[in-house]
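# Observations on chain architecture
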Amino acid sequence: MNENTKNMKSDKQGNNAIKRREFISKSALLGAGLTAAPLTFANDHSTSSAKIAKHPDFNPDKRMLGMLEVSPIGLGCMSMKSGSYNPPRDKKDMIPVIRGAVDLGVTFFDTAEVYGPFTDEELVGEALAPMRDKVVIASKFGFDLTSGQRGGRNSKPEFIKQAVEGMLKRLRTDRIDLLYLHRLDPNVPVEDVAGTVKDLIKEGKALHFGLSEVSPATIRRAHAEQSVAAVQSEYSMIQRALENQVIDTCGELGIGFVPWGAVNRGFLGDKFNEYSRFSEDSRFAAVPYFTPEAIKVHMEVLVLVREWARKKDATPAQIALAWVMAQKPYIIPIPGTTKLHHMKENMGALDIKFTVSELKEFREALEKLPLVGVRGPETALVDQ
């Protein structure tokens, strides 16, 4: 998010007084292309009202991940201590951000053992210990970290149980509210993973089960063994591949969808421009849609976002988040930040309301814009 963004309204960004609204899009879901040309799906996979009705009644101040109630916007904590997209921040600076988010009404916090590894879980555990019973903590397993560094994927039942014991200690808790499989292990059937998590839920060490970056078929197989509360994947105006069946599968089964990258790693928050370049050791440099060519092409999307920001008296980041939430009532984004004023800005997205006609107008304009370096819709049908 751009720290120099103007037009932020302090009354919009108040803390617990922020008014939440639900957004339901009736527009068709469309895919994203791999080349500089927009692609569309032949069929409309919009979730019917009957499918949405499988979710419990919605508290206007909350959204649901299956049966798990959370704030409409969460906080992704990956980049705080792990140094994933920025230099590692000092713990004394990050704890006030996490606790400040709670004061703003955030109840949903996302981390993983691989972030660091381990450093972000330790941070989240310490920061939230004083208000543990008021928040929902999500963390993820699935990588071999026995060497202290990220290794290959490992979701063998005994390894999952061992990983969870370490997660509980680092998070300073007796249960993980939402326990995700971070990435599918090709050597372990997802039913075995789901069964292991089911055992952990029976033991009280986990409360709900989640999946990340998996296909609709895998979601269904896992859900048949153990109810899945949430599916997490990258989703934004620029990265729209998950609109090919994944999001609608979640709606059909009563599963929440948790997009990471809803602000496109800062791009839709006006953080970069056509002159932005990244050093070879930067994680951004390895992102296909952050090549110089891609950024230049995607400036048209940012221009569209800026136009809507002016219409709605909002910031670009707020528009990016509000648009994502407007697609389905069971979508809960988890934008990451290391600055409390950015968290306040993010929460301002909850005050932005799109009419059905506005969403249609927005979508039609978005469809016409080319995309470069993004996932094609066919990739959503394959486990990542």
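This text goes with the structure placed above it.
Below you will find a few notes about this structure.

How each quantity is defined
Residues numbered from 1 in each chain as written. Predicted model: local features only at pLDDT ≥ 70, side-chain atom pairs only at ≥ 80, totals over all residues. Heavy atoms only, no water. Helix = DSSP H or I, 4+ residues; strand = E, 2+ residues; numbered from the N terminus. Buried < 20%, exposed > 50% of the residue type's maximum accessible area, 1.4 Å probe, protein only. Salt bridge = Lys/Arg side-chain N within 4 Å of Asp/Glu carboxyl O. Contact = heavy atoms within 4.5 Å.

Relative to the helices and strands, Lys271 is located in the loop between β9 (256–260) and α9 (292–312). A relative accessible area of 44% places Lys271 in the partly exposed class. Along the chain, Lys271 and Pro316 lie 45 residues apart, while their C-alpha atoms are 9.7 Å from each other.

Next up on the list: the pattern of salt bridges. Tallied over the entire structure, the rule returns 22 salt bridges. Residues Arg265 and Glu234 are paired through a salt bridge, measuring 3.5 Å at the closest nitrogen-oxygen approach. Here the residue Arg265 occupies a position in the loop between β9 and α9, and Glu234 occupies one in strand β8 (residues 228–234), the gap between them amounting to 31 residues. Take Glu234: its relative accessible area is 6%, and that puts it in the buried class. A salt bridge links Arg363 to Glu243; the shortest N-O distance between them is 2.9 Å. Here Arg363, found in helix α12 (residues 356–367), pairs with Glu243, found in the loop between β8 and α8 (246–253); they are 120 residues apart in sequence, far enough to count as distant. Just as Arg363 is buried, Glu243 falls in that class too. Connected through salt bridges with shared partners, the residues Lys91, Glu126 and Arg172 form a single ionic network.

Turning to its location among the elements, Ile201 is positioned in helix α6 (residues 190–203). Among the residues examined, Ile201 registers a relative accessible area of 24% and is labelled partly exposed. As for Ile201 and Leu179, which are separated by 22 residues in sequence, their C-alpha atoms are 9.5 Å apart. The residues touching Ile201, leaving out its near neighbours within four places in the chain, are Ala206, Leu207, His208, Phe209 and Gln226.

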